[in-house]
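Residue-level structure breakdown
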Amino acid sequence: MTQPDSSQRSSPPWIDRFLASLARLGHRRPWHVLAVSLVVLGLSWGATSRLDIRGDFLELLPSESEGAKLFRRSMARMGGASSSMFVVVSSPDARANQAIVNALEPQLRALPPRLVRTVEHGPEEIRRFYTQQRWLFAEVGDLEEVACELDRAHRRAQPGFVDLDDEPCSAQRSDRRAGQGSVAPSAASTGAAAAPTSPFVAFRDRMDARVREVDQFPTGYFRNDDGSLYAIVMRSPGTATGDASGDELMRRVREIVAATNPTRFHPQAQVGYGGDIPNAAAERDALVKDAALSSGLAITLILLCIVVFFRSLVSLVHIGIAMFTGVGMAFAVAYFAFGHLNASTAFLGSIIAGNGINYGIIFLARYRERRGAGDDVESALVDAAVTVRVGTQLAAFAAAAAYGSLMITTLKGFSQFGLIGGVGMLVCWLATMTVVPASVSAWERLRTRLWGRHEGAVKVAAVRAPISNFIGQLTTRYAVWVVAIGLALTALATVKLPRYAQDPWEYNFSKLGSRGSRRTGAEVWSYRARQVFRGSGRTPDILLADSIADVPSLTEALRQRDLQRTGGRYIERVETVFDRLGGTPEVVQQKLALLGRIRTRIDEMRPYLSPSDAEIANAWRPPSGLRVLGEEDLPRLVREQFTERDGRFGTPIFVHYKPSFSRNDGRQLMVVADLTQNLRLRDGRVVPTVSRATVFAEMVKCMMRDGPLATVAALLSVVGIVLLATRNLRASVSILGSLVGGVLLTMGGAAWLGVRLNFLNFVALPLTFGIGVEYAINLYDRLRFTRGDVAAAVRSVGGAVTLCSMTTVIGYGALLVSDNQALQSFGALAIAGELACIVTAMLLLPATLRLLGLAPSAARAWWSKATEVLEPEAPSGDATSRQTLPGTRP
């Protein structure tokens, strides 16, 4: 028989020849290949075990972000002096609570300065300071009005006095004359009908009011009215973003509380922790717990599905080694590249496992199919490697490209996410092609020894796929109906997309955090702390001036910007060191002159005073020793609050917001960030100021900018890979059409259901492009081996593809049990994308291909001519025959 000329036979691609050789190597040297694989597996997981998780949201921000740089610089200068932690004591007995506070405070003060800057059980020292210097904290306008009233009272006491003053003293205030807003009139000037009020009473009332403003806790302790709640306020150098110093502080405080044993003071005594630091730690701990839970649950359920599908426990070993190698290598790269995981990469384990295991499933299903048809082990392994190569390789590269698209984002957390996920996809594919043939061959040899038969005599049952058979028949017989219904649903889904696409972002941050901490953790104790401080315990933002001389100008610029841009809706008050010193030196000098005038009038009027006025005068007469205060005069706690780490004094500016401002509102955070950044001084200089709100606003802005960028990059990457891999327009249009249909159904459903995108779940969209295209790729690629028989292709690969989708859904679905709402939203949106893509791949794609195959001959001829570009010739044989390679048994 004449042999055909080798030049007339198409030579298989080099990659197929390489994979065939790799499969033969795994078959002939299985133990050597497995030994090397296990060494790689052990080393990679050894590196993985050294990774720590940083929940600090600064880790997500761009390293080149100007706002992030300024915030880090601010923290380096100030040490995060506005980061707070409340130690809240609760019991029905006020005395017991006070005793617990007295026992805890000295131990908390003994903590090192790198953990704690200040510890306060109450404003006792500050109250004493304000009491001694209370005259300096009166408003200039109040002193002017009191001095005016005393001048008039002194004149009235003179013999023959005639009152010719028409204008009340309240109208002569400098703050009113300067047009700085309305000022409430004094009791002495409320109208002719009102009884005249002694100027001494007016003076006392005004001074009392000022003292009450700074003295909300007359007992000297931070406590609520009935004493059932006491609080200790701690200020830390930490950033209150989930960093390591916050963890150490929490641990040390818990140890102190445990050693103190609060229940010995009262059996119902409880001590909890609220404020910025515990809240950030609770969110981070919930994230770590969720990552471990989701990964463990996902891997367990995925492996269970594999056992059920293949009806073999050994299949876990074949596929599991490849999957764990991919996951381990991905995290090993993270260890050597970054040294840690962040809030976005912590849960990648379940996702890589759910996606990366797909290649092993497709490989093993094809192997069992050929073994069931009578092939020996080596031939079946070589056939599986070559047959699934195009589909799985293209899927792996598309998924890696989708992950890689995240690397172009400026958000550091998601660029790391992209690198780790992309490496995981590629290594899972390579491990599948290397490890699975060796693992299968090793098991077959063990079976041969156990049963004492030649390996070719051991039959492997092919995987049954009744659902795939049904889908194949449905899409063949009712192709028109399937396509019509699919197009109608897609059109319906896209109705709300244009409006949704204009602003799909989630601005309510309360929907993104931990639910558990709000019910039982730090948020509960933070709420109790707010009860103690009557809503005033909210942590202010901190701005830093370059020098104390710039503080008044910066403060004025900030107030003016709020008035001009928001009508004064956000800033309640701005607190500087001058508020603790009675004002700037110029203002204090003005007050001292007025106080001297008041003191002179009081002394001159003593002989004419009634007993009640004399008593007030004696108590409130300004002492002669008043002077301009300096840094050394302030209480230690106040002095430390306004001192930077290098000893620079007076530069911090604390911005307190109105109760209507919510840090959970992304839109308000962006407004506040705009208010507090880059303030302009009177001399025209721009000071690069930044606040805590800037960190979160920066994340929102980056998300809005980088989300569409990553999505477009993922789409273009997948399109390019599909075109290069298939080199056929008809194949590319079919595959990409299925993918686009799935994406439109996903985002259309999100638009209809009101699902908003956030800083975690927006990743689901680019990933859907890379992972969702896998199913259409594998189905279309199988047509090469079924002579274009769509139903046969669905029967051949449909079950394995469905299992692949199921494992991916499980990987995402494990996130639904997490406590973190952002993770839940990511899992839900990713699952929706998976389900939409598998439906379009298994129903719409086969039905569409069937319709194209039944098109009129003229249209088919035109289509074939327009799309004929290097399409590989379908091999001969039965409906599931394999491509014949050199050295492969026919």
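Residues numbered from 1 in each chain as written. Predicted model: local features only at pLDDT ≥ 70, side-chain atom pairs only at ≥ 80, totals over all residues. Heavy atoms only, no water.

We now examine the nonpolar core. In this structure, Phe310, Ile361, Phe417 and Phe826 are the most contacted members of the largest nonpolar core, which totals 196 residues. Ranked by residues supplied to this core, first place goes to helix α16 (residues 412-451) with 13 residues. Of all hydrophobic cores here, the second largest spans 24 residues; its members include Leu108, Met234, Leu249 and Tyr273. (Core = buried A, V, L, I, M, F, W, Y, C linked by side-chain atoms within 4.5 Å. Buried < 20%, exposed > 50% of the residue type's maximum accessible area, 1.4 Å probe, protein only. Helix = DSSP H or I, 4+ residues; strand = E, 2+ residues; numbered from the N terminus.)

Attention shifts here to helix α24 (residues 585-605). In an α-helix, one turn spans 3.6 residues, which is why side chains three or four residues apart end up on the same side. Taking 1.5 Å of rise per residue, 21 residues should cover 30 Å, and α24 covers 30 Å from first to last C-alpha, within 8% of that figure. Buried residues of α24: Val588, Lys591, Leu592, Leu594, Leu595, Gly596, Ile598, Arg599, Ile602 and Met605, and no others. (Expected span 1.5 Å × (residues − 1).)

Relative to each other, helix α6 (residues 140-156) and α24 sit at 25°, their axes nearing to 9 Å. Our classification of the angle between α6 and α24 gives roughly parallel. In this structure, the crossing between α6 and α24 has a hand that is left-handed. Note on element contacts: α24 touches α6 through Val587, Gln590, Lys591, Leu594, Leu595, Arg597, Ile598, Arg601, Ile602, Glu604 and Met605, opposite Val140, Leu143, Glu144, Val146, Ala147, Cys148, Leu150, Asp151, Ala153 and His154. Class assignment for the residues of the contact of α6 with α24 results in 13 nonpolar, two polar and six charged. (Axes fitted to C-alpha atoms, helices over the stretch in contact; angles between N-to-C directions. Parallel < 35°, antiparallel > 145°, perpendicular 65-115°, else oblique. Left-handed = near helix turned anticlockwise from the far one by under 90°. Contact = heavy atoms within 4.5 Å. Nonpolar A, V, L, I, M, F, W, Y, C, P; charged D, E, K, R; others polar.)

Further remarks concern the packing of helix α13 (residues 358-372) against helix α30 (residues 764-782). Interaxial distance between α13 and α30 falls to 12 Å at its minimum, and their mutual angle equals 25°. One way to sum up the angle between α13 and α30 is to call them roughly parallel. In the crossing of α13 with α30, the sense of the turn from one axis to the other is right-handed. Packed against α13, whose contacting residues are Asn358, Tyr359, Ile362, Arg366 and Glu369, the element α30 presents Glu774, Tyr775, Asn778 and Arg782 at the interface. Class assignment of the residues belonging to the contact of α13 with α30 gives a composition of three nonpolar, two polar and four charged.

We now examine a nonpolar patch on the surface. A surface patch of nonpolar side chains, amounting to about 940 Å² of accessible area, comprises Tyr478, Trp481, Ile485, Leu489, Leu492, Val495, Trp752 and Leu753. Mapped onto the nonpolar patch, the elements with two or more residues apiece are α18 (479-493) and α29 (729-753). Tallying contributions element by element places α18 first for the nonpolar patch, with four residues. By the element assignment, leucine 753 lies in helix α29. (Patch = residues over 30% accessible without salt bridge, like charges linked within 9 Å, V, L, I, M, F, W, Y side chains within 5 Å. Areas by Shrake-Rupley, 256 points an atom, 1.4 Å probe, with all protein chains shown as cover. Salt bridge = Lys/Arg side-chain N within 4 Å of Asp/Glu carboxyl O.)

Note on pairing: side chains with opposite charge can pair once their charged atoms come close. Taken as a whole and judged by the stated rule, the model has 28 salt bridges. Taking the shortest distance from any N to any O, the salt bridge between arginine 597 and aspartate 151 comes out at 2.4 Å. Highlighted residues: arginine 597 in helix α24 and aspartate 151 in helix α6, separated in sequence by 446 residues. With relative accessibility at 36%, the residue arginine 597 sits in the partly exposed group. Exposure remark for aspartate 151: the relative accessible area of 11% places this residue in the buried category. For glutamate 604, the salt bridge identified is with arginine 601, shortest N-O distance 2.5 Å. Residue glutamate 604 and its partner arginine 601 are located together in helix α24, separated by three residues, close to a single helical turn. Classification of arginine 601 as partly exposed rests on a relative accessible area of 22%. Through salt bridges with shared partners, one network takes in Asp151, Arg597, Arg601 and Glu604.

This model, assessed by the stated rule, comprises 14 aromatic pairs. Centroid distance tyrosine 130 to phenylalanine 137: 4.8 Å. Interplanar angle 80°. Geometry classified as edge-to-face. Its relative accessible area of 10% is what places tyrosine 130 among the buried residues. When the ring of phenylalanine 309 is compared with that of phenylalanine 310, the centres are 5.0 Å apart and the planes differ by 90°; the resulting orientation is edge-to-face. The burial state of phenylalanine 309 is the same as that of phenylalanine 310; both residues are buried. A network of ring pairs unites the aromatic residues Phe129, Tyr130 and Phe137 as a single cluster. The ring of tryptophan 620 has arginine 134 lying over it, and the distance from NZ or CZ to the ring centre is 4.5 Å. Above the plane of the ring of tryptophan 525 lies arginine 528, whose end atom (NZ or CZ) is 4.3 Å from the centre. (Phe/Tyr/Trp six-rings, centres within 6.5 Å; stacked < 30°, edge-to-face > 60°. Lys NZ or Arg CZ within 6 Å of the ring centre and 35° of its normal.)

The subject of this paragraph is the side chain of asparagine 224. With respect to the helices and strands, asparagine 224 occurs in the loop between β4 (222-223) and β5 (229-236). With a relative accessible area of 13%, asparagine 224 lands in the buried category. There is a polar contact of 3.0 Å between the side chain of asparagine 224 and the backbone nitrogen of glycine 227. Polar side-chain contacts of asparagine 224 include one of 3.0 Å to the side chain of serine 228. (Polar contact = N/O pair within 3.5 Å; in protein donor to acceptor, adjacent residues only side chain to side chain.)

Strand order in the open sheet formed by three strands is β8-β10-β9, and the pairing between neighbours is antiparallel. Every other strand in the sheet has two partners, leaving β8 (541-544) and β9 (571-575) as the edge strands with one partner each. Each strand of the sheet is rotated relative to its neighbour by a mean of 25°, with strand direction disregarded. On the sheet, helix α22 (residues 551-566) packs against β8, β9 and β10 (652-657) and is oriented at approximately 175° with respect to β9. (Pairing = 2+ DSSP bridges.)

A few words on unusual backbone geometry. Even without being glycine, arginine 311 reaches a positive phi, approximately 55°. Residue placement: arginine 311 occurs in the loop between α10 (276-310) and α11 (314-337). Even without being glycine, asparagine 678 reaches a positive phi, approximately 55°. Counting through the fold element by element, asparagine 678 comes out in the loop between α27 (666-676) and β11 (679-680).

Looking now at the confidence of the model for the protein chain. Per-residue pLDDT for the protein chain has a mean of 80; in total, 84% of the residues score no lower than 70. Scored below 50 in pLDDT, residues 1-9 shows one contact in the model against residues more than four places distant or in partner chains. A low-confidence stretch, residues 178-196 (pLDDT under 50), is modelled with 17 contacts involving residues beyond four sequence positions or located in other chains. (pLDDT = per-residue confidence, 0-100.)

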